[in-house]
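# Summary of structural features
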Amino acid sequence: MINVYQPSLGQEELNRIADVFKSNWLGKGKLTEEFEKSFACHLGVNAAHVLSTNCCSEGLFSSMHLMDIHPGDEVIIPTISFIGAGNAICACGAIPVMCDVDRRTQNVRAVDIEQKITPKTKAILLLHYGGVPCEMDDIIELAHHHNLKLIEDSACSVFSTYKDRACGTMGDMAMWSFDAMKILVCGDGGMLYFKDPEARTRASKWLYFGLESKSGYSNSVDKKWWEFEISCFGHRAIMNDVTAAMALEQLKKLPGFVERRKEIHRLYDSYLNEMDWLVTPLPLKEYQRSSYYFYPIQVKMNVRDNLAKFLRENGIYTTYRYFPLHRVKAYEATGEFPNADFAADHTLCLPIHQALKDNEISYIAEMIDKFGKTHL
Ligand SMILES: *Cc1c(COP(=O)(O)O)cnc(C)c1O
């Protein structure tokens, strides 16, 4: 079976983990700090703005507390969002107000958001779908004009930029994921960005029980080091040196991973653009850089489900991300979402990962063509 997503790990990661074993320090330590600094550097921001955590979903949940969102507040969210984004809003007692997206890119636009703003709106929680940046100038202006917090779910956009600014550094807070299905992987891990370094300071306490001072050796020796004070009833959601070791090596490989994914995109485009019953992803604008996380095609007739089954029978696993949240009953969404509905019923995400070989891509294209010739 050709996987839809797949990690690329090697000897470098293993060697780095062996060093962690030798150091005898598995917890959050020097390597985690080094990864935070390296990731900040990769984003082009000062390390005072970033903080690691155990996963991106924790970042989504914590964003509600850290951005001062309270029960009854409204948070606007594109209906094509990760389940954790919807859950985060509901779990804090706030109201997820879903909006539609662009039918082709599946990114939210300022016009979609604007229609949903009410006096209760406190924040926008957006997603850069598949690593293609949203039109941020319009969205940032809208957020400023209405005094809304802007949160970027950057789980898909670890290498993406918009007008030379890294996705995830344009709003008030952002989160990245390094889970097993992402481009840069370490088993589980996440990074957070805060525009305000003071929010980062609050976050570092919130993600470690709300503790006011460090425990153990680093605590002052003139007092009893087992005593503590807390400033809030925080979580325990930290990265550790085992996963940071992997992540550090993966970060070095990231530009190469994305280069290969870009080439895979180009190959798919060259094969599939000839098939008139489907559309390939739109070309990027010159000011957008993608991470090429998904390769979503849209089929013109209602044959998406059959195409997915046909490909699976032929050893090719595909999927659709992200099932629209307005179709999940528990969220009790209201309104019309014609573009998201179209996208959810016509889009198929084809396999894309660094290890995919050219002959696998041509095989996938061949099978799609065969489906077109035999099933339409
Ligand atoms: C994977 C993903 C997440 C969650 O990341 P975890 O690290 O697994 O918690 C959040 N948002 C999006 C868009 C994702 O794809």
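## Here's the deal with the sheet that holds strand β11 (residues 288–289)
- Pairing is antiparallel across the open sheet formed by 3 strands, whose spatial order is β7-β6-β11. Looking at the sheet topology across the chains shown, the edges are occupied by β7 (165–166) and β11.
- Of the strand pairs in this sheet, strand β6 (residues 161–162) and β11 are connected by 2 bridges, and their pairing is antiparallel. Within β11, the position partnered with T161 by the bridge is R289.

## Quick word on the side chain of Q298
- The topology assignment puts Q298 in strand β12 (residues 295–299).
- By relative accessible area, Q298 is classed as buried at 4%.
- At 3.1 Å, the side chain of Q298 forms a polar contact with the side chain of T347.
- When sequence neighbours within four positions are dropped, the list of residues in contact with Q298 reads R103, R104, Q106, W277, L278, V279, F342, A343, H346 and T347.

## Regarding the packing of aromatic side chains
- Throughout the structure, instances matching the rule amount to 17 aromatic pairs.
- When the ring of F35 is compared with that of F178, the centres are 5.4 Å apart and the planes differ by 75 degrees; the resulting orientation is edge-to-face. Here F178 lies in the loop between β8 (173–177) and β9 (190–194) and F35 lies in helix α2 (residues 30–43), a separation of 143 residues in the sequence.
- F35 gets classed as buried once you look at its relative accessible area, which sits at 0%.
- Taking the relative accessible area as the measure of exposure, F178 reaches 0% and is therefore buried.
- When the ring of Y162 is compared with that of Y287, the centres are 5.5 Å apart and the planes differ by 85 degrees; the resulting orientation is edge-to-face. Placement of Y162 in strand β6 and of Y287 in the loop between β10 (278–279) and β11 is noted, with a sequence separation of 125 residues between them.
- For the cation-ring pair, R103 lies above F342, with the distance from its terminal atom to the ring centre recorded as 3.9 Å.
- K163 extends its terminal NZ or CZ atom over the ring of Y287, reaching a point 4.8 Å from the ring centre.

## Some points on the nonpolar core
- Judged by nonpolar contacts, the single largest core of 123 residues is most densely connected at F35, F39 and L272.
- For this core, the element with the highest residue contribution is helix α8 (residues 241–272), accounting for 14 residues.
- Residues contacting F39, with those up to four places away along its chain left out, are V158, W176, F178, L184, M191 and L251.

## A look at helix α7 (residues 197–206)
- The complete set of buried residues in α7 reads A199, R200, A203 and W206. For α7, the angular spread of the buried residues around the axis is 120 degrees, confining them to a single face.
- The inward-facing, buried residues of α7 contact α2, β1 (50–53), α3 (56–66) and β9.
- For α7, the N-terminal cap is D196; the gap from its side-chain oxygen to the backbone nitrogen of E198 is 3.0 Å.

## Observations regarding α3
- Judged by how many residues are buried, α3 sits mostly within the fold: 8 of 11 residues are covered.
- D68 occupies a position one or two residues after α3 and carries a positive phi of about 60 degrees.

## Quick word on the environment of V158
- With respect to the element layout, V158 can be found in the loop between β5 (149–153) and β6.
- With relative accessibility at 5%, the residue V158 sits in the buried group.
- C-alpha separation for the pair V158 and A245, spaced 87 residues apart in sequence, amounts to 18 Å.
- In this structure, V158 is in contact with F39, H42, W176, F178, I183, L184, L254 and S291, ignoring residues within four places of it in sequence.

## Observations concerning unusual backbone geometry
- In the segment running from R321 into Y322, the intervening peptide bond is cis, with an omega of -10 degrees.
- Structurally, Y322 is set in the loop between α9 (304–313) and α10 (338–346).
- For N147, which is not glycine, the phi dihedral falls at a positive 55 degrees.
- Summarising the element assignment, N147 is placed in the loop between α6 (136–145) and β5.
- Phi at Y292 takes a positive value of approximately 55 degrees, unusual for a residue other than glycine.
- Residue placement: Y292 occurs in the loop between β11 and β12.

Basis of the calculations
- Residues numbered from 1 in each chain as written.
- Predicted model: local features only at pLDDT ≥ 70, side-chain atom pairs only at ≥ 80, totals over all residues.
- Heavy atoms only, no water.
- Pairing = 2+ DSSP bridges.
- Helix = DSSP H or I, 4+ residues; strand = E, 2+ residues; numbered from the N terminus.
- Buried < 20%, exposed > 50% of the residue type's maximum accessible area, 1.4 Å probe, protein only.
- Polar contact = N/O pair within 3.5 Å; in protein donor to acceptor, adjacent residues only side chain to side chain.
- Contact = heavy atoms within 4.5 Å.
- Phe/Tyr/Trp six-rings, centres within 6.5 Å; stacked < 30°, edge-to-face > 60°.
- Lys NZ or Arg CZ within 6 Å of the ring centre and 35° of its normal.
- Core = buried A, V, L, I, M, F, W, Y, C linked by side-chain atoms within 4.5 Å.
- Arc of directions from axis to C-beta.

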